[in-house]
Amino acid sequence: MASYTVSGALQRVLFGLQRVSFKSRCHVNTTVSQYSTVYDSNEKTFDKILIANRGEIACRVMKTCKKMGIKTVAVHSDVDSSAVHVKMADEAVCVGPAPTNKSYLNMDAIMKAIKQTGAQAVHPGYGFLSENKEFARRLAAEGVTFIGPDTHAIQAMGDKIESKLIAKKAKVNTIPGFDGVVKDAEEAVRIAGEIGYPVMIKASAGGGGKGMRIAWNDEETREGFRFSSQEAASSFGDDRLLIEKFIDNPRHIEIQVLADKHGNALWLNERECSIQRRNQKVVEEAPSTFLDPETRQAMGEQAVSLAKAVQYSSAGTVEFLVDSRKNFYFLEMNTRLQVEHPITECITGLDLVQEMIRVASGYTLRHKQADIPINGWAIESRVYAEDPYKSFGLPSIGRLSQYQEPVNLLQVRVDSGIQEGSDISIYYDPMISKLVTYGSTRAEALQRMVEALDSYVIQGVTHNIPLLREVITHPRFISGDISTKFLQEVYPEGFKGHQLSDSERRELVATAASVFVVAQIRSQRFLGNLRVSSSQQERRRWELSVELEKGVHAVTVSHSGSACTVDLDGKRMDVSSEWNLASALLPVTINGTQRTVQCLSRNAAGEIELQYFGTSVAEGQEICVIEAMKMQNSMTASKTAKVKSVHCKAGDTVGEGDLLVELE
């Protein structure tokens, strides 16, 4: 059998820089006790609970219900019929088509599902009907328990005007402003002038950043009044607005409260939620780096005072704005389980869903204020199917073609309601998961978050992991120098992705060159042996030309076993790995430093796309081009034959599919 060699062939490998991925499925790493559900079989609660929600929060509630021996009922739209929360439940009922107003907000259909399944109680999760007093009233009328506060508390705290008046009466610090409803734009201008600019115009019945505008002058007040009232009417069916002093450059810090039906109430410490975009949270942590014990206690006591003022019973959150001098002002109270509740569970050890179920069943709280600890530090990153390069995150839709959560890492918790193959649709919130890391110190929790982000594989949709990674590794965030304006101040021109340092560029070039060499060696072997005659020795030294950011680097790679020695710009770099190129994750050690690189794709032409340092590959971003010089690629004839013709000569550049030699 004859073999033919074409020398001087040109091969290229494209290495897209930086990217990290997530995966979630309402999973808590069992090796770490991040919260504990202690089930007392003598404590009768409910036999069956319907969860009037979807996605990760539905899965989260079901997990605790299962631990407590409670059967669960899922409701779903027709497009969610194969969703994870549907599969996790003991029973599932379709409540309508995809649009939320015809399914998850369809009270008639949900009430019918309750009767059909015999559910004794309903947990609303967050969003949808969780703070709808009419839904709570209808449940009460049917003798079904609403796992949350009563209608009075929902009504009082859901109306920002009424809640502010109640807060003042309860001696809770409030932001200076107008206590009534603003009638029209001109009255808004007059009130703003009396309060003093800047002012915040916001919907009385609002939440989640909707119906809110900041005004710095009369014209912006008129425009803000118009837009806020329109947005409030469409989002909440209530166009009433209020105006208050805007606290410039504040922190957003909230207090978790827990109260029962017997007059007992606790504060479960704070959560720092200042990293936001468009008034919506992105990264949260507990505790806050900013609060001292005295301020924490004062905020906690005022939060409990407010809860008692409305006879609150369940888990709830009192949100405050905190200025640079630690003055704090009541913002609003969320009468439901908060999205970011997992970080409180991590530092206290409490299962808030279990506590809500116990309270709804009429039991007293099991703990006293002195029992509530701050053990360690927890950080939550909200992973969204969003493009972070567009206004810090515009929704992305698509199917998760590959999805792998970093749940193999210690002290990592992922709450999600999706799996590989799930669709991120236009109908619902684009959240993929809540990624939570825990450590005995903040530095430990942050380091685990970096590792988790680097190990999170998400393909098929654009996601915001690049932004999350940049935030938690930014010097300002690490030092605790943050406010609600963090993103705008750090990225005034918008988020552009990770900018490589000189050492990181060298790491990338060395890693890319090593991956290239290992891939080439693998392609020359079959079942562990060289594909050609045993007399031919495997190549040990490779000379490459690597182009990165329009700069060209002469690289020499020596390969031995699992290690590569890379000579780059006069510097030596040792790169080692198990080199499992079939895996999405590629852990590498570069001069003793561990990195996690993701292999996004690899095609038959030998092109490999890598993710590095958490930045998504995007048009116009850097690519790393490798050219192998003095390289011989051996082609083996499949049978004994004569050469009919040769269509190339030494030194020619050939491409995939080019005809080189004809046999007969």
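Residues numbered from 1 in each chain as written. Predicted model: local features only at pLDDT ≥ 70, side-chain atom pairs only at ≥ 80, totals over all residues. Heavy atoms only, no water.

1. Description of the environment of arginine 325
Thought 1: Note that arginine 325 resides in the loop between strand E15 (314-322) and strand E16 (328-334).
Thought 2: The exposure class of arginine 325 is exposed, given its relative accessible area of 73%. (Helix = DSSP H or I, 4+ residues; strand = E, 2+ residues; numbered from the N terminus. Buried < 20%, exposed > 50% of the residue type's maximum accessible area, 1.4 Å probe, protein only.)

2. Overview of helix H3 (residues 107-117)
Thought 1: Where H3 is concerned, the buried positions are Met107, Ala109, Ile110, Met111, Ala113, Ile114 and Thr117.
Thought 2: In this structure, the buried side of H3 is in contact with strand E4 (48-51), strand E5 (71-77), strand E6 (91-96), strand E7 (121-123) and helix H4 (133-141).
Thought 3: Directly after H3, the chain includes glycine 118, whose backbone phi takes a positive value near 75 degrees. (Contact = heavy atoms within 4.5 Å.)

3. Here we look at the nonpolar core
Thought 1: Among the nonpolar cores identified, the biggest contains 38 residues, and Val283, Ile432, Leu435, Tyr456, Ile458 and Phe477 are the most heavily contacted of them.
Thought 2: Listing elements by their share of this core, those giving two or more residues are strand E14 (280-286), strand E17 (377-384), strand E22 (412-416), strand E24 (431-439), helix H12 (442-454), helix H13 (465-473) and helix H15 (486-490).
Thought 3: Looking at this core element by element, the count peaks at six residues for H12.
Thought 4: When we break this core down by domain, the ones giving at least three residues each are domain 2 (150-175 + 252-375) and domain 4 (376-493).
Thought 5: Listed in part, the 33 residues of the second largest apolar core include Val518, Leu548, Val575 and Ile590. (Core = buried A, V, L, I, M, F, W, Y, C linked by side-chain atoms within 4.5 Å. Domains from an automatic or database assignment.)

4. Some remarks on the packing of helix H5 (residues 151-158) against helix H6 (residues 160-169)
Thought 1: In the contact formed by H5 and H6, the axes pass within 5 Å of each other and the chain directions differ by 100 degrees. As the angle between them shows, H5 and H6 are arranged roughly perpendicular. On H6, the residues that touch Gln155, Ala156, Met157 and Gly158 of H5 are Lys160, Glu162, Ser163 and Ile166.
Thought 2: Residues belonging to the contact of H5 with H6 are distributed by class as follows: three nonpolar, three polar and two charged. (Axes fitted to C-alpha atoms, helices over the stretch in contact; angles between N-to-C directions. Parallel < 35°, antiparallel > 145°, perpendicular 65-115°, else oblique. Nonpolar A, V, L, I, M, F, W, Y, C, P; charged D, E, K, R; others polar.)

5. Some details on the sheet that holds E7
Thought 1: Spatially, E6-E5-E4-E7-E8 is the arrangement adopted by the five strands of the open sheet, whose pairing is parallel. Strand pairing shows two members of the sheet lacking a second neighbour, E6 and strand E8 (145-146), which therefore form its edges.
Thought 2: Bridge count between E4 and E7: three bridges; the pairing is parallel. Note that in E7 the partner of leucine 50 across the bridge is valine 122. (Pairing = 2+ DSSP bridges.)

6. Observations concerning the confidence of the model for the protein
In low-pLDDT segments, the atomic positions of the prediction should not be examined closely.
Thought 1: Per-chain confidence: the protein averages 86 in pLDDT, with 86% of residues scoring 70 or above.
Thought 2: Below pLDDT 50 for its whole length, residues 1-33 participates in 180 contacts with residues either more than four positions away or in separate chains.
Thought 3: Confidence drops under pLDDT 50 across residues 629-636; counting only partners more than four residues distant or on other chains, this segment forms 29 contacts. (pLDDT = per-residue confidence, 0-100.)

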